[in-house]
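What the coordinates show
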Amino acid sequence: IPLKTKEGKHHRNGLRFRALVEMLLGSAMRIGEALSLDRTKVDFERREARIIGKGDKERTVFFTDRALHWAKQYLDIREDDHPALFVRQDGKGRLKRPDIWRPFARYKKEAGIAKPVTPHILRHTAATTLLLNGCPVGHIREILGHERLETTCRYYLGLDNRAAKKAHSRYLTYVN
């Protein structure tokens, strides 16, 4: 993702896209949630934001330091006063879903990635990373904003064969 132009200036679109990708990976938000964020709603100190998620339900999302770093980088170069965290190139409107498909396709191709890369796959990547790093599934449910634990379990349990093998050895024991 280009962050500087050939003249050494900030590449606004590249920086915006990098910030968006990092915010998705660093929070596990849905793309609609990320695009609906206003800059004043992101609490950089507490590393969180209140959002309206799926089903018009309010919830708290949490951000990694890395995600907030890139969001700050992007905000620092913006010259508009639009309230949205992610704005169109002209700074006069909120970035919308159709605006993001082209950069996802372009940067995927430039990186030589053969597998699909979409905002939702970044959400799955964040959730899978949480699981593989030992995060309890109940916390993953909360982070993802799933109403029911069964939804989280259906998508994410069973992904880590190593953990299953370790659990098998640990819990399936018989006394002689």
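Below or above, wherever it landed, is the structure these notes cover. Position numbers for residues start from 1 in each chain and track the written sequence from start to end. Given that this is a predicted model, residues contribute local features only at a pLDDT of at least 70 and side-chain atom pairs are listed and counted only at 80 or more, while totals for whole chains, interfaces and linings are drawn from all residues. As a rule here, side-chain values come from all non-hydrogen atoms in the structure, and water together with hydrogens is ignored.

**Re the side chain of Thr60**
The condition is simple: Each helix is a run of H or I in the DSSP string that is no shorter than four residues. Each strand is a run of E no shorter than two, and both are numbered from the N terminus. When accessible area is computed with a 1.4 Å probe and restricted to protein chains, residues below 20% of their type maximum are described as buried, those above 50% as exposed, and intermediate ones as partly exposed. Two N or O atoms form a polar contact when they lie within 3.5 Å of each other; inside protein one atom must be a possible hydrogen donor and the other a possible acceptor, and for residues adjacent in sequence the pair counts only when both atoms belong to side chains. Contact criterion: two residues are considered in contact whenever any of their non-hydrogen atoms come within 4.5 Å of each other.
Here Thr60 is to be found in strand E3 (residues 58-62). The exposure class of Thr60 is buried, given its relative accessible area of 19%. Only 2.3 Å separates the side chain of Thr60 from the side chain of Arg50, close enough to count as a polar contact. When neighbours within four sequence positions are excluded, Thr60 is seen to be in contact with Glu48, Ala49 and Arg50.

**Let's talk about the sheet that holds strand E1 (residues 42-43)**
So the rule is basically this: Paired strands, as defined in this entry, are two strands with at least two bridges between them according to DSSP.
In spatial order, the strands read E1-E2-E3; together these three strands make up an open sheet with antiparallel pairing. Either end of the sheet is taken by a strand with one partner, and the two such strands are E1 and E3. By the bridge criterion, five bridges tie strand E2 (residues 48-52) to E3 in an arrangement that is antiparallel. Note on E3: the bridge partner recorded for Ile51 is Arg59.

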